[in-house]
Amino acid sequence: MKFFMPDFDKSLETIRFMPTAVPDTNSTSVKNKKVKKKKENSKKLKEDESSSTNESTKKVTKSPKLLQGRVEKPKNKKSIKAQQLKLSKATVEKAVSESSKKTNSEQDSISAFAAKVKEQLKGGRFRFINEQLYTMSSRKAAKIFEEDPETFYAYHEGYRHQIAKWPVNPLKRIIKMINRLPKSLEIGDFGCGEGQLAQAVPHKVYSLDLVSCRNDIIACDMVQTPLKTHSLDVAVYCLSLMGTNLNECFLEANRVLKVNGFMYIAEIQSRFDDVTQFVRQLSAYGFELIKQDVGQNTFYFFQFKKTHNIGLVAKVPQITLKPCLYKKR
């Protein structure tokens with residue numbers, strides 16, 4: 001800082017003044033310029049920031065959006081409409097699929113119900129025919145099947161369903177017994193049904209029943225067959241002793257069997273009141289008991305041997321077995 005001292009007379013009393021700060025016009029102007037410039041720069045900066053903010057805001061509206069950690073590209077109206085259309089199509093397809101599933105489920109339940117009803121009708125028809133066969137003579141049964149062969153097929157269809165419920169199939173046991181015999185023996189299957197025995201063994205088998213469902217099955221009444229006298233080595237009755245004229249069946253068995261020939265019987269256990277009496281009565285028809293299995297809860301098995309001929313006019317006792325009747329539902 002500079003001080004200016006005026007030129008006074010030396011004789012004069014010197015007066016001292018306190019030094020005063022002389023403003024620096026040059027530095028003040030510079031400072032003011034700087035402040036002004038700063039303000040202008042600040043204002044400009046604010047304007048720039050404001051404009052940049054507006055521009056960035058505009059850009060943000062047009063730029064990709066961050067949603068849930070994903071970058072979604074801007075979509076124009078067409079793409080948005082296409083997406084909406086796709087969404088609505090997917091919704092419709094889903095609704096149709098669910099409706100179809102529901103319809104299929106309903107259809108399946110209806111089909112299952114119809115099958116159950118059909119099964120019950122078959123079972124009911126089988127039981128009715130079965131009871132009729134146990135309570136009429138074989139001649140009358142033959143006449144019924146002759147007039148309406150469909151009844152025979154309906155019966156055996158129901159019979160197949162019935163076998164599936166049994167703990168054991170008696171025919172399988174008969175087949176095992178036959179397979180142990182010499183293959184040269186000739187066998188008669190009385191009441192053969194669908195002729196399964198003939199298909200399961202290597203022997204010569206004459207399949208006989210009231211109706212023939214195959215070319216190798218002989219349609220006839222079991223009490224009067226076309227077989228030659230004393231021509232068979234084995235006679236099989238597997239659940240086929242159904243008529244009320246059983247005495248005629250055993251007389252026919254004695255006729256067609258050779259002496260020392262065998263008779264195999266498989267029957268439902270509930271049909272027997274007295275097994276000993278049944279065996280004793282058959283001895284009058286020329287048959288001797290060789291083996292029996294009556295320990296089963298469902299079926300009894302017998303093996304007889306023909307000891308002598310008796311002729312068709314022999315005096316023999318009447319043999320009866322209880323009919324196999326089903327409980328009313």
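Bear in mind the structure is a predicted one, so any value in this text is a computation, not a measurement.

A. Local environment of the overall build of the protein chain. The secondary structure content of the protein chain amounts to eight helices and nine strands. Across the 329 residues that make up the protein chain, the buried fraction comes to 33%. The contacts in the protein chain between residues at least 6 apart in sequence include a share of 65% that link residues at least 24 apart. Approximately 22800 Å² of the protein chain is accessible, and the part contributed by carbon and sulfur atoms is 55%.

B. Examining the packing of aromatic side chains more closely. Using the criterion set out here, one finds 17 aromatic pairs in the structure. Between Phe250 and Tyr285, the aromatic rings sit 6.0 Å apart at their centres with planes inclined by 65°, giving edge-to-face as the arrangement. Taken together, the residues span a long stretch of sequence, with Phe250 in helix H7 (residues 246-256) and Tyr285 in the loop between helix H8 (275-283) and strand E8 (287-293) at a distance of 35 residues. One aromatic cluster is present, built from ring pairs that chain together Phe190, Tyr237, Phe250, Phe272, Phe278, Tyr285, Tyr300, Phe302 and Phe304. When the ring centre of Tyr206 is taken as reference, the NZ or CZ atom of Lys204 above it lies at 5.0 Å.

C. Examining the pattern of salt bridges more closely. Scanning all chains against the criterion turns up eight salt bridges. With its nearest N and O atoms 2.3 Å apart, the salt bridge here joins Glu194 to Arg160. Of this pair, Glu194 sits in the loop between strand E3 (186-190) and helix H6 (196-200) while Arg160 is found in helix H4 (residues 149-165), placing the two residues 34 residues apart along the sequence. Close ionic contact of Lys258 with Asp233 constitutes a salt bridge, the shortest N to O distance being 3.3 Å. Highlighted residues: Lys258 in strand E7 (residues 257-268) and Asp233 in strand E6 (residues 232-238), separated in sequence by 25 residues. A relative accessible area of 34% places Lys258 in the partly exposed class.

D. Expanded view of the sheet that holds strand E9 (residues 299-306). The strand order across the open sheet built from seven strands is E5-E4-E3-E6-E7-E9-E8, with neighbouring strands paired in mixed fashion. Since the sheet does not close on itself, it has two edges, and those belong to strand E5 (217-219) and E8, each with one partner. Direction aside, neighbouring strands of the sheet carry axes that sit 20° apart on average. Pairing geometry for E7 and E9, over seven bridges, is antiparallel. Counterpart to Glu267 in the pairing with E9 is Tyr300. Here helix H5 (residues 170-179) sits on the sheet and contacts E3, E6, E7, E8 and E9; the angle it forms with E6, its principal contact strand, is near 165°.

E. Geometry of H8. Val275, Phe278, Val279, Gln281 and Leu282 are the residues of H8 that are buried. The buried residues of H8 all sit within an arc of 160° when viewed along its axis, so they share a single face. Counted as exposed and oriented over 90 degrees from the buried face of H8: Thr276 and Arg280. Of the surrounding elements, those touching the buried residues of H8 are H7, E7, E8 and E9.

F. Region of interest: the packing of helix H3 (residues 138-147) against H4. In the contact formed by H3 and H4, the axes pass within 4 Å of each other and the chain directions differ by 105°. By the angle between their directions, the pair H3 and H4 is classed as roughly perpendicular. Residue-level inspection shows Phe145, Glu146 and Glu147 of H3 in contact with H4, the latter providing Pro149, Thr151 and Phe152. Of the residues contributing to the contact of H3 with H4, the split by class is three nonpolar, one polar and two charged.

Rules used in this analysis
- Residue indices follow the written sequence of each chain, beginning from 1 at its first position.
- Restriction of local features to residues with pLDDT of at least 70 applies here, the model being predicted, together with a cutoff of 80 or more for giving and counting side-chain atom pairs; totals for whole chains, interfaces and linings are based on all residues.
- Excluded from the side-chain calculations are hydrogens and water; all other atoms, namely the structure's heavy atoms, are used.
- Counting from the N terminus, the helices are DSSP H or I runs at least four residues long and the strands are E runs at least two residues long.
- Remark: exposure states derive from per-residue accessible area (1.4 Å probe, protein chains only) relative to the maximum for the residue type, with buried under 20%, exposed over 50%, and partly exposed in between.
- Contacts are assigned to residue pairs with any non-hydrogen atoms lying within 4.5 Å of each other.
- Using the Shrake-Rupley algorithm and a 1.4 Å probe, accessible areas are obtained, with residue cover drawn only from the displayed protein chains.
- What counts as a ring pair is set by centres within 6.5 Å for rings of Phe, Tyr and Trp (its six-membered ring), and what kind of pair is set by the plane angle: stacked under 30 degrees, edge-to-face over 60, tilted for all other angles.
- Counted as over-ring charges are cases with an Arg CZ or a Lys NZ within 6 Å of the ring centre that also lie within 35 degrees of the ring normal.
- Only one rule defines a salt bridge in this text: a Lys or Arg side-chain nitrogen within 4 Å of an Asp or Glu carboxyl oxygen.
- Strands were regarded as paired on the criterion that DSSP finds at least two bridges between them.
- Lines fitted to C-alpha atoms define the axes, with helix axes restricted to the stretch in contact, and inter-axis angles between N-to-C directions lie between 0 and 180 degrees.
- Here the arc refers to the directions that run from the helix axis out to each C-beta atom.
- If an angle is under 35 degrees, it is roughly parallel; if it is over 145, roughly antiparallel; if it lies from 65 to 115, roughly perpendicular; otherwise it is oblique.
- Three classes are used, and their members are as follows: Ala, Val, Leu, Ile, Met, Phe, Trp, Tyr, Cys and Pro are nonpolar, Asp, Glu, Lys and Arg are charged, and the others, Gly among them, are polar.

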